[in-house]
Amino acid sequence: MDVTLKIRRYNPEVSEDVRWEEHTVSMQPTDKVLDALHKVKWEIDGSLTFRRSCAHGVCGSDAMRINGRNRLACKTLVKDVNPDQPVSIEPIKGLPVLKDLVVDMEPFFDAYRSMLPFLVTTGNEPTRERLQSQQDRDRFDDTTKCILCAACTTSCPVYWTDGQYFGPQAIVGAHRFIFDSRDEGTDQRLEILNDKEGVWRCRTTFNCTEACPRGIEVTKAIQEVKRALIFRR
Amino acid sequence: MATPQVLAPRTPRKARSNFEQNSWLFMRFSGVLLVVLVLGHLFINLMRGEGIHAIDFAFVAGKWTNPFWQTWDLMMLWLAELHGVNGLRTIINDYAERDTTRFWLKSLLYLSAVFVLVLGTLVIFTFDPCLDPASTLDVCQK
């Protein structure tokens, strides 16, 4: 079948103008949108720029806006994006576009880093593993699935207008440790998220939950952090 | 000798502010209270007895001679105003992109809130249906 991709192109080295380019490629319905992009890049226009690494939905490099929704190009099949019409492909919103589909991820990673996304403990290191019951492990299982693709954060309308907001992904990253029984940095993280630009900025729009390619219940995680702020401190 | 343990965090913390948390909680609690207050208000004024035809200066004045209704209306005024202002505040925070726009919109908002609250409170406690000496209302014919 023939699929038309309508791709948003931007190259500041040539022009500050944004243009939409259409390419028609022949694909199988079960091919991925990423395959179609590859076909364009490898066979039609080598200057098309996008990120991808594993191409199998694990690394989280190729989040983009496909037909107006944030998805991983490598997890989206051509037949699922209404291929009878031109399929629009844009970079994710809310982060500075560097070129074509590539955005500057630094503000996103900065927000994640400020959550202390590592195990915080006090006292001497134990001589063996820090054991945890299956039940305690299950408590934060959902938020361990995050691959930092930024699909959630860049689908959040609050993040679009307020670059200071930590965004859903950072809260998911914090949630993963806040509810980890082995971690002792909960108070610090809750303190950071109690900030003016923390969890209270969330309007429960649920865009993040819909966008997450890993099926993480992002909005629920944010609400759980709010609850922890109210009842745990 | 054992290595001395330094407890985290080592950087001085800035003064803790729970303002956003409190305003979030306020929205929930005032919302629940307002459902009762507003529906009760509508029922008493519009449905009970003669309903809407009973409402005039005298009806309002009669209600406000009773401290119960004074308190009811005062709570409704303050909760509704603050609930609405807080909602608008978050909307301005969400959508005003420039700091100066945000500052002026919020200043305007807070000013209007103070005006409504002061005026409303004043009226609830000082309402006099017979302020006009030529009033023809029954309550003023003495």
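Our subject is the structure that appears above.
Let me begin by describing the structure that accompanies this report. (Residues numbered from 1 in each chain as written. Chains lettered and ligands numbered in written order. Predicted model: local features only at pLDDT ≥ 70, side-chain atom pairs only at ≥ 80, totals over all residues. Heavy atoms only, no water.)

**Re the environment of Ala 63 of chain A**
All names here are of chain A. As a reminder, the rule being used: Under the DSSP-based scheme used, a helix requires at least four consecutive residues in state H or I and a strand at least two consecutive residues in state E, with every element numbered from the N terminus. With a 1.4 Å probe rolled over the protein chains alone, any residue whose accessible area is under 20% of its type maximum counts as buried; one over 50% counts as exposed, and the rest are partly exposed.
Positionally, Ala 63 belongs in strand 3 (residues 63-66). Accessibility expressed as a relative area gives 7% for Ala 63, which makes it buried. Each C-alpha atom, one on Ala 63 and one on Asp 141, is 22 Å from the other, the two residues being 78 residues apart in sequence.

**A look at the sheet that holds strand 2 (residues 15-26) of chain A**
All names here are of chain A. Just so we agree on the cut-off: Between any two strands, pairing holds if DSSP finds at least two bridges. In this analysis, axes come from line fits to C-alpha atoms, helices being fitted only over the stretch in contact, and the angle between any two N-to-C directions falls in the range 0 to 180 degrees. Any two residues having at least one pair of non-hydrogen atoms within 4.5 Å are treated as being in contact.
Pairing is mixed in the open sheet, where five strands are placed in the order 2-1-5-3-4. At either end of the open sheet lies a strand with only one pairing partner, and these are strand 2 and strand 4 (69-72). Pairwise comparison of adjacent strand axes, ignoring direction, gives a mean angle of 30 degrees for this sheet. When strand 3 meets strand 4, the two strands line up antiparallel, connected through four bridges. Along strand 4, the bridge assignment pairs Ala 63 with Leu 72. Against the sheet, helix 1 (residues 33-44) touches strand 1 (2-11), strand 2, strand 3 and strand 5 (87-90), its axis set at about 105 degrees to strand 2.

**Focus on the packing of aromatic side chains**
As a reminder of what qualifies: Pairing of aromatic rings covers Phe, Tyr and the six-membered ring of Trp, with a centre-to-centre limit of 6.5 Å; geometry is then stacked below 30 degrees between planes, edge-to-face above 60, and tilted otherwise. Consider the ring centre and the ring normal. A charge sits over the ring if Lys NZ or Arg CZ is within 6 Å of that centre and within 35 degrees of that normal.
Enumeration according to the criterion identifies eight aromatic pairs over all chains in this entry. Between Trp 64 of chain B and Phe 127 of chain B, the aromatic rings sit 5.4 Å apart at their centres with planes inclined by 85 degrees, giving edge-to-face as the arrangement. Separated by 63 residues along the polypeptide, Trp 64 of chain B in the loop between helix 2 (57-63) and helix 3 (67-95) and Phe 127 of chain B in the segment after helix 4 (99-126) bring together distant segments of the chain. Plain terms: the ring middles of Phe 103 of chain B and Trp 104 of chain B are 5.1 Å apart, the flat faces sit at 80 degrees to each other, and that makes the pair edge-to-face. Accessibility expressed as a relative area gives 49% for Phe 103 of chain B, which makes it partly exposed. Note on Trp 104 of chain B: relative accessible area 60%, which makes it exposed. Its guanidinium or amino end placed over the ring of Trp 160 of chain A, Lys 93 of chain A lies 4.0 Å from that ring's centre, counting from NZ or CZ. Above the face of the Trp 69 of chain B ring, Lys 63 of chain B is positioned so that its terminal group lies 4.6 Å from the ring centre.

**Examining the packing of helix 5 (residues 168-178) of chain A against helix 8 (residues 218-232) of chain A**
Residues and elements named next belong to chain A. Worth spelling out the cut-off: Here the word oblique covers every angle except those under 35 degrees (roughly parallel), over 145 (roughly antiparallel) and from 65 to 115 (roughly perpendicular). Handedness of a helix crossing follows the sense of rotation of the near helix relative to the far helix, less than a right angle counterclockwise being left-handed and clockwise being right-handed. Residue polarity follows a fixed list, in which Ala, Val, Leu, Ile, Met, Phe, Trp, Tyr, Cys and Pro are nonpolar, Asp, Glu, Lys and Arg are charged, and the others, Gly among them, are polar.
Contact pair helix 5 / helix 8: the axes reach a minimum separation of 9 Å and the direction vectors enclose 55 degrees. Considered as vectors, helix 5 and helix 8 are oriented oblique to each other. In terms of crossing hand, the pair formed by helix 5 and helix 8 is left-handed. Between helix 5 and helix 8, the residues in contact are Pro 168, Ile 171, Val 172, His 175 and Ile 178 and Val 218, Ala 221, Ile 222, Glu 224, Val 225 and Arg 232, respectively. Residues belonging to the contact of helix 5 with helix 8 are distributed by class as follows: eight nonpolar, one polar and two charged.

**Examining the side chain of Asn 45 of chain B**
Residues and elements named next belong to chain B. What counts here: Pairs of N or O atoms within 3.5 Å make up the polar contacts considered here, provided that, within protein, one atom can donate a hydrogen while the other can accept it, and that residues adjacent in sequence are counted only when both atoms are side-chain atoms.
Residue placement: Asn 45 occurs in helix 1 (residues 19-47). Side-chain polar atoms of Asn 45 contact the side chain of Lys 63, separated by 2.7 Å. In contact with Asn 45, not counting residues within four places along its chain, are Gly 51, Ile 52, Ile 55, Phe 59 and Lys 63.

**Digging into the environment of Thr 136 of chain B**
Residue and element names in this part refer to chain B. In this structure, Thr 136 sits in the segment after helix 4. Exposure remark for Thr 136: the relative accessible area of 70% places this residue in the exposed category. Measuring from C-alpha to C-alpha, the distance between Thr 136 and Leu 42 comes to 27 Å, with 94 residues separating the pair along the chain.

**Things to note about the packing of helix 6 (residues 186-193) of chain A against helix 8 of chain A**
All names here are of chain A. Look at helix 6 against helix 8: their axes get within 10 Å of each other, and the N-to-C directions meet at 110 degrees. In terms of their interaxial angle, helix 6 and helix 8 are classed as roughly perpendicular. Read as a crossing pair, helix 6 and helix 8 show a hand that is left-handed. Facing Thr 186, Leu 190 and Leu 193 of helix 6, the residues of helix 8 in contact are Val 225, Ala 228, Leu 229 and Arg 232. Here the contact of helix 6 with helix 8 is built from residues that sort into five nonpolar, one polar and one charged.

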